[in-house]
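# What the coordinates show
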Amino acid sequence: MIVFLYLTNLILLNYGKRSIEDHYLNNVVSKVSFYGDLLSEHILFLRTRQLQLFSDSDVEKLKFLGELVNGYEEVALNNSIKEELYMINNSSELVVNNGIFIESYNHAITVNNFQQDKSNEWDEISKKIDKSAPRPLYQINHKIFLIAMDKSENVISYIQLSEDKLIEKIVPIIDGKKDAGVFLVDDESNSIIKEYKTDQSIMNGILRNAAVIQKRKMINVAHEDPSSFVARINHNQYLVTEYKIKFLGMTLYTYINKKELSGVLSILSLGFLMLTLFSFVIVILFSWSVNRMLHKPLHKLVQLFKNYQENSKNQLNDIEYDAEFSYLYNSFQEMTYRLDQSIKENYQQKIEIQNSELKQLQSQINPHFLYNGFYSIYRLSKMKDLHQVTVLSQKLASYYQFITKNGNDYIELENEYKHAIDYCTIQEIRFSNRIQFFAPELESETKYILVPRLILQPILENAFEHAFENINLGVLKIEVNYVENELMITIEDNGNQLTDKELHHLQQRLSKPDEENEKTGIFNVCSRLKLRYGNESGLFASRSSLGGLKILMRIINKEG
């Protein structure tokens, strides 16, 4: 089988060598196209910024006034235009210098030289401009300039490009190659603009080959798609790519010695043969040892995992405990035992904590609240307000009947809501009608929803204790909404004592109620809701539209 695979791979290797060469060629052409387009787009961006300068209002104003402008207005216009030139200069690392000449003003404004006369740089540029057949790119005194004129040919802008930065944009094409190079050629003068890691004789040979190929194939010089050919220079074959950038009027050439590719592939073939012979022996020995030392014991370990996953109590009896895998077998057995115990204990502990906290909250009767209730009955009796005495006595009896009753941990929302209303009524009478509360009737679909006991009273108690201490007329508002198994109850007040810092602190504490040392009140309620319904449920604090605290109770019952 190995011999068959070797022969097959040898055939595939030869086929792969040819495919790699083709793929390499396509890859080089793609890289040339990519970086050529990138360079073209980069300069096109600068060209666009340059043309936008002609429509600048300050340039048009200076063009209109010409030499008539003077004083403060001249300085302001010059500074504004120079600021635009600075923006162009800073928009690309390719820009070395840029400036603008306005014929009617008869001055040149540049980034590096702010002069009231034409700059020397401008004199050199103006000699080279061909107004009859303008083109964007000029090479002047070994410098590269991007030049543009407005429609009236009265305003001329130039941008000097960095030759080093220009070539850096296309250097990645030949990264990692030794005998390789890249250079740019001006199509009009057929002169080399800039080169990188190139030999003069190689560049001259490439240009001669390119001229011959274009003449023979009648290639249109204006084409922009990259082409490639093989040039034989100095007894070496070079893979040459040619990419003409029509917009810039120049051609990008890259070359790479083909030996860098074919040499690696030849070494790969020899190495493949030696590796195959060596691997033939190794594979035989390795297969035998792997099957003995790893495969069989690992198969048994996997079977143990499957048994545990399927909750099967069947154990493997043919395990050799003196083998290398004996430690893993023993550790697995111990791990499964501890994991089962941990899951069981953790679940039971959470259930017990939840029940104990509920019992604690249920049994916690505030003696001060009881005293205040009886004192209010006494006070109303002295005032002979029998109606209020009747109402308060009935509500107190209903309140303490609910508090002291040991029943199910979950009750219908209607009963929990009634208990909350009783509590609010008692407090309203105690505070001598200085408190107003608004609680709508429950809708029929929400009355019979099962909720944990004592989840509303702690929130209301918190409002009466902290919100209405120093207020003339307290307002408490309760709203209940139920949509698609999501119950939302909001309780808000108009207290004026809650600061933003205290509100933020309360929000943080409600987000992690299990970390609170206080296990009563609203933190108890929040913890119970999260434990029963998940972290998306619980209590959430915010600023009320009434000015005080707003508590949103959210119960998301995914079980329906």
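Just so we're clear, the structure is a prediction, and the values are computed from it rather than from any experiment.

Turning to the overall build of the protein chain, a few remarks are in order. When its secondary structure is counted, the protein chain shows 15 helices and 17 strands. Counting every position in the protein chain, which comprises 560 residues, the buried fraction comes to 41%. Within the protein chain, contacts between residues at least 6 apart in sequence are counted, and of these 62% link residues at least 24 apart. Carbon and sulfur atoms provide 54% of the accessible area of the protein chain, an area that totals close to 32700 Å².

What follows is about the pattern of salt bridges. Within this structure, the stated rule accounts for 11 salt bridges. A salt bridge links K165 to E168, with the shortest nitrogen-to-oxygen separation between them at 3.8 Å. Within this pair, K165 and its partner E168 are both found in helix α5 (residues 163-168), separated by 3 residues, close to a single helical turn. We classify E168 as partly exposed; its relative accessible area is 45%. Taken together, the shared-partner salt bridges connect K395, K418 and D422 into one network.

Strand pairs in the sheet, formed through backbone hydrogen bonds, run parallel or antiparallel to each other. Across the sheet, 5 strands lie side by side as β7-β6-β10-β9-β8; this open sheet has antiparallel pairing. In this open sheet, the two strands that pair with only one neighbour each are β7 (191-196) and β8 (227-233). Averaged over all pairs of adjacent strands, the angle between strand axes in this sheet comes to 25 degrees, irrespective of strand direction. Where strand β6 (residues 180-186) meets strand β10 (residues 250-257), 7 bridges bridge the pair, whose relative direction is antiparallel. The partner of F183 across the bridge, within β10, is Y253.

Residues L476, L510, L539 and M553 are the most contacted members of the largest nonpolar core, which totals 56 residues. Among the elements that make up this core, the one with the highest residue count is helix α11 (residues 413-430) (8 residues). Setting aside anything within four residues of it in sequence, one finds M553 in contact with I455, L456, I459, L487, M488, I489, V525, L529, G538 and L539. I43, V59, L94 and L166 belong to the second largest nonpolar core, which has 46 residues in total.

So, on to the sheet that holds strand β14 (residues 474-483). Reading across from one edge, β12-β14-β15-β17-β16 is the order of the 5 strands in this open sheet, with mixed pairing throughout. The outermost strands of the open sheet, each flanked by one partner alone, are β12 (435-438) and β16 (538-543). Each strand axis lies, on average, 15 degrees off the axis of its neighbour in the sheet, ignoring direction. The pairing of β12 with β14 spans 4 bridges and is classified as parallel. Bridge pairing in β14 places F438 opposite K477. Where helix α13 (residues 457-466) meets the sheet, it contacts β12, β14, β15 (486-493), β16 and β17 (549-556), and its direction lies at approximately 160 degrees from that of β14.

A word on unusual backbone geometry. The phi torsion at K384 lies on the positive side, around 60 degrees, for a residue other than glycine. With respect to the helices and strands, the residue K384 is situated in the loop between α9 (367-382) and α10 (386-404).

So, about the pairing of strand β1 (residues 95-102). A large share of β1 lies buried, amounting to 7 of its 8 residues. Looking at chain direction, β1 and strand β5 (residues 155-161) are connected through 7 bridges and run antiparallel. Across the sheet, the residue bridging to F101 is I156, located in β5. Connecting the antiparallel pair β1 and strand β2 (residues 107-110) is a turn made up of 4 residues, with N106 showing a positive phi of about 65 degrees.

Now for the environment of N26. Here N26 lies in helix α1 (residues 2-52). In this structure, the C-alpha to C-alpha distance between N26 and S228, residues 202 residues apart in sequence, is 9.4 Å.

Right, let's talk about the side chain of K244 for a bit. The topology assignment puts K244 in strand β9 (residues 236-245). Taking the relative accessible area as the measure of exposure, K244 reaches 4% and is therefore buried. Among the polar contacts listed, one links the side chain of K244 to the side chain of T251, at a separation of 3.2 Å.

A few words now on the environment of E461. By secondary structure assignment, the location of E461 is in helix α13. Judged by its relative accessible area of 26%, E461 falls in the partly exposed class. Between the C-alpha atoms of E461 and I522, which are 61 residues apart in sequence, the distance is 9.2 Å.

With that settled, consider the packing of helix α14 (residues 500-511) against helix α15 (residues 521-533). Running from N to C, α14 and α15 point in directions that differ by 40 degrees, and their axes come no closer than 9 Å. Regarding the angle of α14 to α15, the classification is oblique. Contacts from L506, R509, L510 and S511 of α14 reach α15 at I522, F523, C526 and K530. Broken down by class, the residue content of the contact of α14 with α15 amounts to 5 nonpolar, 1 polar and 2 charged.

Reading the values: the criteria
- Residues numbered from 1 in each chain as written.
- Predicted model: local features only at pLDDT ≥ 70, side-chain atom pairs only at ≥ 80, totals over all residues.
- Heavy atoms only, no water.
- Helix = DSSP H or I, 4+ residues; strand = E, 2+ residues; numbered from the N terminus.
- Buried < 20%, exposed > 50% of the residue type's maximum accessible area, 1.4 Å probe, protein only.
- Contact = heavy atoms within 4.5 Å.
- Areas by Shrake-Rupley, 256 points an atom, 1.4 Å probe, with all protein chains shown as cover.
- Salt bridge = Lys/Arg side-chain N within 4 Å of Asp/Glu carboxyl O.
- Pairing = 2+ DSSP bridges.
- Axes fitted to C-alpha atoms, helices over the stretch in contact; angles between N-to-C directions.
- Core = buried A, V, L, I, M, F, W, Y, C linked by side-chain atoms within 4.5 Å.
- Polar contact = N/O pair within 3.5 Å; in protein donor to acceptor, adjacent residues only side chain to side chain.
- Parallel < 35°, antiparallel > 145°, perpendicular 65-115°, else oblique.
- Nonpolar A, V, L, I, M, F, W, Y, C, P; charged D, E, K, R; others polar.

Take it as geometry only, folks, not as evidence of what the structure does.
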